[in-house]
Amino acid sequence: MFTGTPGKIIIGGITGGIGSALAELAVASGWEVAGYSRSGPSGTKVGGVVHVTTADAKVSSEVEQAINECAEALQGVDAYVHAVGSVFLKPGHQTKDEEWREVMAVNADSAFFAARAMVPLLRAKGGSLVYFSTVAKQIGLANHEAVAAAKGAVEGLVLSMAATYASLNIRCNAIAPGLVETRATRSLLASDMARKVSEKMHPLGRVGTAAEVANVALWLSSDQAAWSQDKHSPWTAVCRQFSPAPRFDCKVGSPVIRSKTCTPCIYNPATSAGEG
Ligand SMILES: NC(=O)c1ccc[n+]([C@@H]2O[C@H](COP(=O)([O-])OP(=O)(O)OC[C@H]3O[C@@H](n4cnc5c(N)ncnc54)[C@H](OP(=O)(O)O)[C@@H]3O)[C@@H](O)[C@H]2O)c1
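To keep things clear, this report deals only with the structure shown in the data block. Because the structure is a prediction, the values reported are computed rather than measured. (Residues numbered from 1 in each chain as written. Predicted model: local features only at pLDDT ≥ 70, side-chain atom pairs only at ≥ 80, totals over all residues.)

## Remarks on the environment of alanine 73
Turning to step 1, where the next piece is worked out: If you trace the backbone, alanine 73 turns up in helix 2 (residues 60-74).
Turning to step 2, where the next piece is worked out: With sequence-adjacent residues up to four places away left out, alanine 73 is seen in contact with Ala34, Val50 and His51. (Helix = DSSP H or I, 4+ residues; strand = E, 2+ residues; numbered from the N terminus. Contact = placed C-beta atoms within 7 Å.)

## Quick word on the sheet that holds strand 4 (residues 79-82)
Hydrogen bonds between backbone groups are what pair the strands of a sheet, and the pairing can be parallel or antiparallel.
Turning to step 1, where the next piece is worked out: Strands sit in the order 3-2-1-4-5-6 across an open sheet of six strands; the sheet is parallel. Of all the strands in the sheet, just strand 3 (51-54) and strand 6 (170-175) have a single pairing partner and so form its edges. This sheet shows a mean twist of 15° between the axes of neighbouring strands, independent of strand direction.
Turning to step 2, where the next piece is worked out: Sheet analysis places strand 5 (residues 127-132) next to strand 6, joined by six bridges and oriented parallel. Its bridge partner being in strand 6, phenylalanine 132 is matched across the sheet by isoleucine 175.
Turning to step 3, where the next piece is worked out: Strands strand 5 and strand 6 of the sheet are contacted by helix 5 (residues 145-165), whose axis makes an angle of about 160° with strand 6.
Turning to step 4, where the next piece is worked out: Together, strand 1 (8-12), strand 4, strand 5 and strand 6 form the strand contacts of helix 7 (residues 210-221), whose direction differs from that of strand 5 by roughly 150°. (Pairing = 2+ DSSP bridges. Axes fitted to C-alpha atoms, helices over the stretch in contact; angles between N-to-C directions.)

## Concerning the site of the ligand
Turning to step 1, where the next piece is worked out: Taken together, 30 residues surround the ligand, and among them Gly13, Gly16, Ser39, Gly85 and Thr182 come closest.
Turning to step 2, where the next piece is worked out: For the shell around the ligand, the leading source of residues is helix 1 (residues 17-28), giving three residues. (Near = placed C-beta within 6 Å.)

## Here's the deal with the pairing of strand 4
Turning to step 1, where the next piece is worked out: Of the two faces of strand 4, the one carrying Ala79 and Val81 and the one carrying Tyr80 and His82 are both buried.
Turning to step 2, where the next piece is worked out: Pairing of strand 1 with strand 4 involves four bridges; the strand directions are parallel. Within the sheet, the bridge partner assigned to isoleucine 10 lies in strand 4 and is tyrosine 80.
Turning to step 3, where the next piece is worked out: Direction of pairing for strand 4 relative to strand 5: parallel, over a ladder of four bridges. Across the sheet, the residue bridging to histidine 82 is tyrosine 131, located in strand 5. (Buried ≥ 20, exposed ≤ 12 C-beta atoms within 10 Å, placed from the backbone.)

So this is what it looks like as structure tokens:
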């Protein structure tokens, strides 16, 4: 259970797997919560939330309006978590123009629009921005070209924001999870075989839960993480704890057989050095 000082939090993507788990945890921990998503109030499952509104996060004016509306309903804001996004898996050569643009828009454009809307609201007394990247951007996973590229943009945004706004005490962090069981990943975990392959890719032998990721997001949003700023804090590694390093058949520089596909091995279990 979260033990920091509860504040006021806006959640983008409040109706999603991670967003709704975060809303539930935040409400239970005494935070005042508001948020937005594509479906808005009709998609909201969590009770006790102050305000939920509808916005298409690919449209900057709608994001700005939704965030301002939420801040007004909360009468201020201390933290923003951007749980808007998608999980899109397809080999690059089969990804169509419109799929690429959609993945970039829902993950990268939306992240920037939200960041830009949040700065004026936080600049007087500081606060926290938390984003979601993916471990696929960190280590390179097959069939993740579009989403890894989009999350690369998110990480670049987060690092620059962290540098630009540190003097205003605005902290900016990204969480880069492995596979988390939510609506977005349902099809990837649909069969026993697919689930087993995914589980084996994670050092802890299982996929994550939305509640586990929500814990990290709420901690990063809180005063307990007051000295956590992406790349500028000694414990940034905390945010990468879900990395799925192969834990089987791994020889440096050799391919790792996963299901029927071959993925280049970039993890060296002998040294834990990260890149072999
Ligand atoms: N699940 C994983 O394994 C995993 C791994 C790495 C990173 N992530 C990242 O974690 C974040 C949360 O993912 P999740 O698993 O919780 O996904 P999810 O259950 O599919 O939730 C996605 C959320 O984003 C909202 N959304 C999508 N498109 C939108 C749009 N155009 N305008 C406004 N809202 C929109 C959805 O709203 P509606 O409910 O109204 O559609 C929903 O609230 C995403 O950034 C995702 O890329 C997830």
